[in-house]
Amino acid sequence: MQPLQIQNSLTGKKEVFEALNPPNVGMYVCGPTVYSNVHLGNVRTFLSFDIIYRYLEFIGYKVRYVRNITDVGHLVGDADEGEDKIGKMARLQKVEPMEIVQKYTNDFHDVMRVFNILSPSIEPTATGHIIEQITAIEKILDNDYAYEVNGNVYFSVRRFSDDYPYGELSGRKIDELLSNTRDLDGQSEKRDPLDFALWKKADETHLMQWPSPWGMGFPGWHLECSVMSTKYLGNRFDIHGGGMDLKFPHHECEIAQNVAANKVEKTVNYWIHGNMLTVNGRKMAKSEGNGFTPEELITGNHKLLERGYSPMTVRFFMLMGHYGSTLDFSNDALIAAEKGLTKLTKAVETLQKLTPTEKENKNISVSDLSDKCYAAMNDDFNTPVLIASLFEGVKWINSASDGRIELNQDQIDGLKTIYTGFLGNVLGLENEDLNTEKSSGGEDLATNLLDLLVELRTDAKANKDYAGADRIRNTLSDLGVNVTDGKDGSSWSHE
RNA sequence: GGUCCGAUGGCCGAGUGGCUAGGCUCAGCUCUGCAAAAGCUGCUACAGCGGUUCGAAUCCGCUUCGGACCUCCA
């Protein structure tokens, strides 16, 4: 097994990854709240964990990857006083809340597929785990870390912090939190402003509600993740991930709930937080109005975009930065990514056609390159460094193709293993060009006609009829077919 | 106001005590009928000011600027 190091948000240190139960790994990632379309910032987080999932599997772990769908209990505005986001949207659109849930869950899945983000092993929903959540609340009440007021149940942070640490993950101290908490004008039933809701009472007009020992109501947002992670991964598991913005209060509350319910102190060994996607240095967020939907990005239909970019370009762009750093989104960066990815994918195509030489090229070590790729990923999933290594191989491939250097069969096979493994399996960058060529058949009329045109042009060149040769090339270029002259004759490619 | 993070060449973006990140752009060269592609070469940067050190972009301090969280957000 590879010596993998992970930046652990809980300790703030880079630590060697040791699975609790190798080769099995349990990983939980907070999924979306399905009340509106996902934007690119959301995509970045799920992409980051897609890479982590893929790499863990790549190096031999068997990962149970749980990523939830939040379909109830996430409130608009102030954590415990607002309206349920999904309920609100249902009211606005005059449909059933579950129609909202279905619509945006579908959208989410479509987007994940477009960006080649793998499905988790289990994708549980909050509404599917109401009973488990009620059970957890009862346990927390039994352990005396929560209290009920008029059909609402609140978690007592002060009471909890007497027995266990609270705020470890986000580096917060109870007293500092208190002094910075907004005054809720005493209209809250909470005994302490730090307390948060485990169960909320619902009146008759509330759309989503369930019976409970405290009356009709619905669960608090933080609870579902506590319950679903422990249900499918156990009281202690390996990795918990999510966006940086969920660190506090969401993840902090999640930990407190688990500890309070099960009295197990350490619930998660490695916390991983993905950083934000920014636009002009500011976090991409719906409230800022700077969010892009994936569709706007692909079509280029957005005021900040000059044109559209393919999903794989966007995926590559995001992987050129490390998941733990903010990443700034701009036209120039996307153009650079597009060109870089094209270079990379073309080299992989070239690699398939390379003719091996007898002698091994002693100046080139494919195994060193392979080691570098592993080392990059072992160092906290450093995709930008991995990509830099992959470009090193691109030079070898192109040089070999041009006859400048030699590569024998073993070296070519070694390179194929690297690119299939790291570019394909780990980074999940599929060659879009190859896919479209496959779908068009390959041996059809157009292919034959193009081959004929290129042959005619070659004849024209042989006869020094350059005007005729250029005419063929220019006309084809206007049709989206590029003709290039190489060492071994001319070839064409379709964009 | 509190907590934390960041500031890297024309752009994006890694790295983190001494050794080339990488991609894109730009200029020159090779190849080529021309072009494209590819290869080679160059532009050699680490916010500012102090300090530690034989040596700092990398450690420490201060300053300036930016961001995130503290309320919903991936």
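These figures come from a predicted structure and were not determined experimentally.

## A few points about helix α10 (residues 311-319)
Here is step 1: With respect to burial, α10 is a largely interior element, nine of its nine residues being buried.
Here is step 2: Three or more residues of α10 are buried, namely Pro 311, Met 312, Thr 313, Val 314, Arg 315, Phe 316, Phe 317, Met 318 and Leu 319.

## Points about the protein's contact with RNA strand B
Here is step 1: In the vicinity of RNA strand B, 59 residues are found, and the nearest of them are His 74, Lys 85, Trp 221, Leu 246 and Lys 283.
Here is step 2: Here Lys 283 contributes a side-chain N or O atom positioned 2.4 Å from a phosphate oxygen of RNA strand B.
Here is step 3: For the surface near RNA strand B, the leading source of residues is helix α13 (residues 383-401), giving seven residues.
Here is step 4: Classifying every residue of the surface near RNA strand B by side-chain character gives 19 nonpolar, 20 polar and 20 charged.

## Thoughts on the environment of His 240
Here is step 1: Assignment of secondary structure puts His 240 in strand β9 (residues 237-243).
Here is step 2: Taking the relative accessible area as the measure of exposure, His 240 reaches 1% and is therefore buried.
Here is step 3: Measuring from C-alpha to C-alpha, the distance between His 240 and Pro 22 comes to 17 Å, with 218 residues separating the pair along the chain.
Here is step 4: Side-chain polar atoms of His 240 contact the side chain of Glu 254, separated by 2.6 Å.

## Structural notes on the pairing of strand β10 (residues 268-274)
Within a regular strand, side chains alternate between the sheet's two faces.
Here is step 1: Of all seven residues making up β10, seven are buried, and the element is well covered by its neighbours.
Here is step 2: Bridge count between β9 and β10: six bridges; the pairing is parallel. Counted as the bridge partner of Gly 241 is Ile 272 from β10.
Here is step 3: In this view, the connection linking β9 to its parallel neighbour β10 by way of helix α8 (residues 247-262) has right-handed handedness.

## Describing the sheet that holds strand β13 (residues 327-329)
Here is step 1: Here three strands make up an open sheet; going across it, the order is β12-β11-β13 and the pairing mixed. Either end of the sheet is taken by a strand with one partner, and the two such strands are β12 (282-283) and β13.
Here is step 2: Two strands pair when backbone bridges link them, and strand β11 (residues 277-279) and β13 are joined in this way by three bridges, in the parallel orientation. Looking at the pairing, Val 279 lines up with Phe 329 of β13.

## Topic: the packing of aromatic side chains
Here is step 1: In this structure the tally under the stated criterion is 19 aromatic pairs.
Here is step 2: Measuring from ring centre to ring centre gives 5.1 Å for Phe 17 and Tyr 270, while their planes differ by 55 degrees; the resulting arrangement is tilted. Placement of Phe 17 in the loop between β2 (13-16) and β3 (24-29) and of Tyr 270 in strand β10 is noted, with a sequence separation of 253 residues between them.
Here is step 3: The buried category is assigned to Phe 17, whose relative accessible area is 4%.
Here is step 4: With centroids separated by 4.8 Å and ring planes inclined at 50 degrees, the aromatic side chains of Tyr 53 and Tyr 65 adopt a geometry described as tilted. With a gap of 12 residues between them, Tyr 53 in helix α1 (residues 40-58) and Tyr 65 in strand β4 (residues 62-67) connect regions that are remote in the sequence. Residue Tyr 53 shares its accessibility class with Tyr 65, and that shared class is buried.
Here is step 5: The ring of Phe 46 carries the charged tip of Arg 67 above its face, separated from the ring centre by 5.5 Å.
Here is step 6: Directly above the ring of Tyr 147 sits Arg 191, whose terminal nitrogen or CZ lies 3.9 Å from the centroid.

## Brief notes about the side chain of Thr 345
Here is step 1: Take Thr 345: it is sitting in helix α11 (residues 331-353).
Here is step 2: A distance of 3.1 Å separates the side chain of Thr 345 from the backbone oxygen of Thr 342, its partner in a polar contact.

## Examining the packing of helix α12 (residues 366-378) against helix α14 (residues 409-426)
Here is step 1: Contact geometry for α12 and α14: axes closest at 9 Å, N-to-C directions at 15 degrees. On the basis of the axis angle, α12 is roughly parallel to α14. Viewed along their axes, α12 and α14 form a crossing whose handedness is left-handed. Of the residues in α14, those in contact with Val 366, Leu 369, Ser 370, Cys 373, Tyr 374 and Met 377 of α12 are Gln 411, Gly 414, Leu 415, Ile 418, Phe 422 and Val 426.
Here is step 2: In terms of residue class, the contact of α12 with α14 is made up of nine nonpolar, three polar and no charged.

## Some remarks on the sheet that holds β10
Here is step 1: On the basis of which strands lie adjacent, the open sheet formed by four strands has the order β4-β3-β9-β10 and parallel pairing. With partners counted over all chains shown, the strands left at the sheet margins are β4 and β10, one partner each. Put simply, the sheet's adjacent strands are angled 20 degrees from each other on average, direction ignored.
Here is step 2: The pairing of β3 with β9 spans three bridges and is parallel. Paired with Val 29 across the bridge in β9 is Gly 241.
Here is step 3: Relative to β4, α1 is tilted by about 160 degrees, and along the sheet it contacts β3, β4, β9 and β10.
Here is step 4: The sheet strands contacting α8 are β9 and β10, and the helix crosses β9 at an angle near 155 degrees.

Definitions and limits used
Residues numbered from 1 in each chain as written. Chains lettered and ligands numbered in written order. Predicted model: local features only at pLDDT ≥ 70, side-chain atom pairs only at ≥ 80, totals over all residues. Heavy atoms only, no water. Buried < 20%, exposed > 50% of the residue type's maximum accessible area, 1.4 Å probe, protein only. Helix = DSSP H or I, 4+ residues; strand = E, 2+ residues; numbered from the N terminus. Near = heavy atom within 4 Å. Polar contact = N/O pair within 3.5 Å; in protein donor to acceptor, adjacent residues only side chain to side chain. Nonpolar A, V, L, I, M, F, W, Y, C, P; charged D, E, K, R; others polar. Pairing = 2+ DSSP bridges. Right-handed = clockwise from strand over helix to strand, strands pointing away. Phe/Tyr/Trp six-rings, centres within 6.5 Å; stacked < 30°, edge-to-face > 60°. Lys NZ or Arg CZ within 6 Å of the ring centre and 35° of its normal. Axes fitted to C-alpha atoms, helices over the stretch in contact; angles between N-to-C directions. Parallel < 35°, antiparallel > 145°, perpendicular 65-115°, else oblique. Left-handed = near helix turned anticlockwise from the far one by under 90°. Contact = heavy atoms within 4.5 Å.

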